Amino acid sequence: MRTKTIAAAVTAAVVAVVLAGCSTGSAGTGTGTAKDSSASASASAGPTGTITVFAAASLQKTFTELGSDYEDAHPGTTVKFSFAGSSDLVTQIQNGAPADVFASADEANMTKLTKADLISGSTPAFATNVLQIAVAPGNPKKITNLDDLTASGLQVVTCAAPVPCGAATEQVEQAAGVTLHPVSEEQSVTDVLGKVESGQADAGLVYVTDVKGAGDKVDGVSFDESKSAVNTYPIGVVRGSSNVALAKSFSAYVRSAEGEKVLTTAGFGAP
Amino acid sequence: MTSRSGTAAPWWLPVPAVLGGLFVVVPVLAMVGRVDWTSFVALVTAPSSLTALGLSLGTAAAATGIAFVLGLPLAVVFSRVRSRWVGVARAVVLLPLVLPPVVGGLALLAAFGRIGPVGGFLADHGVRIAFTTAAVVMAQTFVAMPFLVSAIEGSLRIGGDRLERIASTLGAGPTRVLFTVTIPRALPGIASGLVLCFARALGEFGATLTFAGSLEGVTRTLPLEIYLQREVDPDTAVALALVLVVVAVVVIGLTSIRTGARAAWS
């Protein structure tokens, strides 16, 4: 009888482990609808219906805004979003996720899809992003350039080399002739920002848009060598999209003057 | 179980039971099917892989040790003290079971981070926890200890305290009762608690990433290495994941043999 109950306890605990694992797995993915479809009976000349846009995590704020603006300007349309790391989204699309548009944070991830013939048409660039040094508000450590980050006792956090922001970090290090010794190499730029925001780290290399998006929780320090690692954001229509006309229309809207205005306000550069 | 008690299971029970089993087995087998065996050994024995595996085994063992030293007394208190506050305390201590690990990491950061109450005090005295291996062990202990506590507590409750009362009427002091009656009788629960705790610590990801960071050889455990490798090289990620599965199966297998031998299972 004793063992029976122990077995039950063990089973319950194992189930809990599995559940805990699940919650970790989905933590990085955010899914959101910019606005629920309301007036689909509207008589508009353009395409109507619903599309799902898979966009890089760094585009969450701007694309949510763009989606809502687009819906307002084009009655009868609904633009849904799934935000996650670009490589996560590529894996999902490769495994048949129902995406209509893919906006990547770098060209390497877009190339994975074009090579697999999963994108129809071209993949124009719509924005660029460069690195900036995120520091505590007021810059208490008086950091002015990359070289300052090598000072002893300074806790610097960067992205790990395999992720796009880490590759960019290596490029700017080479351009500046500086070797950083980070106390942590994070999996994503959001993790780097989080370490600086929480005061765990003194400085971190993130994108300009991350610093801007963090408001007054961090300050940004620009440095010359950031020009040597300009990240380009391409956008493309996923092959097999159920609403190609709307997918194309939204992609064009992102690259329009209105789209550029929203992106520039968030700190993105023109392509 | 059924053969001992003499009651037969309903005829339809094996259907959902088999489905449940398949639900777990099929994904694991599918992952094994994806392993590129020609490069498996090279991928798994790469320096960064071995470093991550070694760090994982070491930190999980340390976390299990700490969880045992702190968790066993908790389990004894929870199973023996009659007070409604014990119920409240148990709910709090078992909270990490239901918390997403990332939240656990944020909580640890709030307390032991550089600007947290404990972490700030330690930082003033020259002790840094963040970004160290100690932070990994703390994150693992935080999420894994509840498994150990609840397993041991369960086994203590089932045993009851009759023999302990007899021992004390025969003149044994409380400490002697604890070490000669309570703990020996809870050994099966302690064994399964240790294994569950170790397995959970080994798989810890969210709290580690949030609280400890990720640096090869210092804080990048095997789950973090798998997550990172998946960005560039899914083959390596799958190969490393298989290593983690094998370690977990070995650990769980060891206990089921142990408890199976102890218990009159059939």
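Residues numbered from 1 in each chain as written. Chains lettered and ligands numbered in written order. Predicted model: local features only at pLDDT ≥ 70, side-chain atom pairs only at ≥ 80, totals over all residues.

## Description of the overall build of chain B
When helices and strands are tallied, chain B shows 15 helices and 0 strands. Its C-alpha atoms give chain B principal-axis dimensions of about 65 × 60 × 30 Å. Sorting the 266 residues of chain B into buried and exposed places 40% on the buried side. (Helix = DSSP H or I, 4+ residues; strand = E, 2+ residues; numbered from the N terminus. Buried ≥ 20, exposed ≤ 12 C-beta atoms within 10 Å, placed from the backbone.)

## Here's the deal with the overall build of chain A
Within chain A, the secondary structure is distributed over 9 helices and 12 strands. Relative to its full complement of 271 residues, chain A shows a buried share of 43%. Of the contacts made within chain A by residues no fewer than 6 positions apart, 78% connect residues no fewer than 24 positions apart. (Contact = placed C-beta atoms within 7 Å.)

## Focus: the nonpolar core
As a rule of thumb, soluble globular proteins bury nonpolar side chains together. Core analysis: the largest hydrophobic core is formed by 92 residues, its most contacted members being A139, L148 and C197 of chain B. For L148 of chain B, the contacting residues outside a window of four places in its chain are A67, F68, G71, G193, L194, L196 and C197 of chain B. A55, Y70, V79 and F126 of chain A belong to the second largest nonpolar core, which has 36 residues in total. (Core = buried A, V, L, I, M, F, W, Y, C linked by C-beta atoms within 7 Å.)

## Some words on the packing of helix α4 (residues 47-80) of chain B against helix α9 (residues 133-159) of chain B
All names here are of chain B. The geometry of α4 relative to α9 is characterised by a closest axis approach of 6 Å and an angle of 40° between their N-to-C directions. Taken together, α4 and α9 sit at an angle that is classed as oblique. Every pair of crossing elements has a handedness; the one defined by α4 and α9 is right-handed. (Axes fitted to C-alpha atoms, helices over the stretch in contact; angles between N-to-C directions. Parallel < 35°, antiparallel > 145°, perpendicular 65-115°, else oblique. Left-handed = near helix turned anticlockwise from the far one by under 90°.)

## Considering the confidence of the model for chain A
All names here are of chain A. Looking at chain A as a whole, its pLDDT mean stands at 85, while 83% of the residues score no less than 70. Element-level mean pLDDT values for chain A span from 44 in strand β1 (residues 30-33) up to 97 in strand β4 (residues 101-103). The low-confidence segment residues 1-7 (pLDDT under 50) makes 12 contacts with residues lying over four places distant or belonging to another chain. Below a pLDDT of 50 lies the segment residues 9-44, which in the model reaches 53 contacts outside its immediate sequence neighbourhood of four places, other chains included. (pLDDT = per-residue confidence, 0-100.)

## Concerning the packing of helix α3 (residues 86-94) of chain A against helix α4 (residues 107-115) of chain A
Residues and elements named next belong to chain A. Relative to each other, α3 and α4 sit at 10°, their axes nearing to 9 Å. What the angle tells us is that α3 and α4 run roughly parallel. Side by side, α3 and α4 meet where S86, S87, V90 and I93 of the first sit next to N109, K112 and L113 of the second. Class assignment for the residues of the contact of α3 with α4 results in 3 nonpolar, 3 polar and 1 charged. (Nonpolar A, V, L, I, M, F, W, Y, C, P; charged D, E, K, R; others polar.)

## Examining the sheet that holds strand β7 (residues 131-135) of chain A
All names here are of chain A. Overall, mixed pairing links the 5 strands, which are arranged β9-β8-β10-β7-β11 in an open sheet. The two strands at the open ends of the sheet, each matched to only one other strand, are β9 (184-186) and β11 (219-221). When strand polarity is set aside, the average angle formed by the axes of neighbouring strands in this sheet is 35°. Across 3 bridges, strand β8 (residues 156-159) lies against β9 in parallel orientation. Looking at β9, one finds that T158 is bridged to E185. Contacts from helix α5 (residues 164-176) reach β7, β8, β9 and β10 (203-207) within the one sheet, and its direction differs from that of β8 by about 115°. Packed onto the sheet, helix α6 (residues 189-197) meets β7, β8, β9 and β10 and runs at close to 140° relative to β10. (Pairing = 2+ DSSP bridges.)

## Here we look at unusual backbone geometry
The residue D117 of chain A is not glycine, and still its phi comes out positive at about 60°. Mapping D117 of chain A onto the fold places it in the loop between α4 and β5 (119-120). Residues other than glycine seldom take positive phi values, yet F131 of chain B does so here, at roughly 65°. You can see F131 of chain B is positioned in the loop between α8 (117-124) and α9. With 24 C-beta atoms counted inside 10 Å, the residue F131 of chain B sits in the buried group.

## Thoughts on the confidence of the model for chain B
Here chain B averages 88 in pLDDT, and 94% of its residues register 70 or above. Note on the complex model: pTM 0.77, ipTM 0.72.

## Details of the environment of L118 of chain A
Residue and element names in this part refer to chain A. As for its placement among the helices and strands, L118 is situated in the loop between α4 and β5. Residues L118 and G96, 22 residues apart in the sequence, show an inter-C-alpha distance of 9.9 Å. In contact with L118, other than residues within four places in its own chain, are I93, Q94, L113, V238 and R239.

## Things to note about α6 of chain A
An α-helical turn contains 3.6 residues, so any two residues separated by three or four positions project in the same direction. Residue and element names in this part refer to chain A. Most of α6 is tucked away, with 8 of its 9 residues classed as buried. Regarding α6, the residues found buried are V189, T190, D191, V192, L193, G194, K195 and V196. Taken from the residues just after α6, G199 is the one with a positive phi, measuring 80°.

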